[in-house]
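Chain by chain, the residues:
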Amino acid sequence: RPSSYDVSFVGAWSVGERGDRTPEVLSVAIEVERPNDRLVLEVPPVLTGCEPHDLELESIGVSAVEALVDGRINKLGAELRRFTRMLADGNITLDQWQESVREALKLVHVQAAIIGNGGRETMGASDWGRIGQRLRVEYAYLQGFANDLLGGRVSAPQSFARIGLYAQSVRGSFWEGATIRSEKQGYSLMRRILDSQAKHCQDCLDYAARGMVPIGSVPLPGQRCACRANCRCSVKYFRQQAPSVQV
């Protein structure tokens, strides 16, 4: 993902239903832009995990999906800052601001979870329940934020910085879904990967230093680390290799 490119979400639709762009299982399109150049790429379903496959999860397809999620988070961040600017300028009420933020968060958390799980049709009741629980936590934080705004305990610059954390939290929904999908596909090992362009807390450095471990042995990005929602780590998943036996 060269820094000179802007990778963003274009759409996701069911295989065979491209005409009406029904947002079901994911044949994903991403848009790549740089000066004087624009390209729309479609990532085949086999690379997004919509069908069982034998590709390693650190392949180019997954990198493209991670870029898709990052692009969607960036757009969400811009949208949430716009709502917050409207509130600061007196163009909307606090209740309208809170409702707008809630709806935007719900949409993108659900999108990220579906992408992580490999498609809507792979998700069961427990997966939807997990999204619901994560959203309830986010809504509780948002209520606290609204109370701070109402009480005048947050300055305008602080409010813009704080609202950005809500967009970054979406990455957690993606990684939770990706981990569950990986386990269903027979992956049993994981490795935390540090983003070479980011600053990392000591927690993340320690998790990455542990190398390849059983899934669940280290937290997912953004969990139990000082970075919290700002965490830029990622995960690679691996299948356990059967030991070779000489005959």
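Nothing here was measured: the structure is a model prediction, and the numbers come from that model. (Residues numbered from 1 in each chain as written. Predicted model: local features only at pLDDT ≥ 70, side-chain atom pairs only at ≥ 80, totals over all residues. Heavy atoms only, no water.)

## Considerations on the overall build of the chain
Here is the rule we go by: Strands here are runs of E lasting at least two residues and helices are runs of H or I lasting at least four, both read from the DSSP assignment and numbered beginning at the N terminus. Each residue's exposure class comes from its accessible area (1.4 Å probe, protein chains only) as a fraction of the maximum for that residue type: buried when under 20%, exposed when over 50%, partly exposed otherwise. Should any heavy atoms of two residues lie within 4.5 Å, those residues are considered in contact.
Across its full length, the chain carries 7 helices and 6 strands. The helix and strand sequence of the chain, counted from the amino end, reads β-β-β-α-α-α-α-α-α-β-α-β-β. Of all 247 residues assigned to the chain, the portion counted as buried reaches 47%. Pairs at least 24 residues apart make up 65% of the contacts formed inside the chain by residues separated by at least 6 positions.

## Considering the nonpolar core
Note the following rule: In this text, buried Ala, Val, Leu, Ile, Met, Phe, Trp, Tyr and Cys residues form a nonpolar core when linked through side-chain atoms within 4.5 Å.
Ranked by size, the top nonpolar core spans 42 residues in total, and within it L76, L80, W97, V101, F174, M190 and Y237 carry the most contacts. Of all the secondary structure elements, the ones that give two or more residues to this core are α2 (60-88), α3 (94-117), α4 (125-150), α5 (156-168), α6 (170-184), α7 (202-209) and β6 (234-238). For this core, the element with the most residues is α2, which contributes 8 residues. Among the nonpolar cores identified, the runner-up in size contains 7 residues, and A113, I131, L135 and Y139 belong to it.

## Observations regarding the packing of α3 against α6
As a reminder, the rule being used: Between N-to-C directions, angles span 0 to 180 degrees; the directions come from axes that are lines fitted to C-alpha atoms, helices contributing only their stretch in contact. Roughly parallel here means an angle under 35 degrees, roughly antiparallel means over 145, roughly perpendicular means 65 to 115, and every remaining angle is called oblique. We call a crossing left-handed when the near helix sits turned anticlockwise from the far one by less than a right angle, and right-handed when that turn is clockwise. Classes in brief: Ala, Val, Leu, Ile, Met, Phe, Trp, Tyr, Cys and Pro nonpolar; Asp, Glu, Lys and Arg charged; the others, Gly included, polar.
Where α3 meets α6, the axes come as close as 7 Å, and the angle between the chain directions of the two elements is 25 degrees. Comparing the axis directions of α3 and α6 gives the class roughly parallel. Pair α3 / α6 crosses with right-handed handedness. Contact residues: α3 offers V108, H109, A112, A113, I115, G116 and N117, while α6 offers V170, S173, F174, G177, A178, I180 and R181. Grouping the constituent residues of the contact of α3 with α6 by class yields 8 nonpolar, 5 polar and 1 charged.

## Thoughts on the pattern of salt bridges
For clarity, the threshold we go by: Whenever Lys or Arg places a side-chain nitrogen within 4 Å of a carboxyl oxygen from Asp or Glu, that contact is recorded as a salt bridge.
Within the structure shown, the criterion is met by 9 salt bridges. Taking the shortest distance from any N to any O, the salt bridge between D70 and R171 comes out at 3.0 Å. With D70 in helix α2 and R171 in helix α6, the pair connects residues that are 101 residues apart, well separated along the chain. Here D70 and R171 have matching classes, each one buried. The salt bridge involving R153 is made with D148; its shortest N-O contact spans 3.0 Å. In this structure R153 comes out as exposed when scored by relative accessible area, which is 53%. Several salt bridges share partner residues, and in doing so they unite D70, R171, D195 and R232 into one network.

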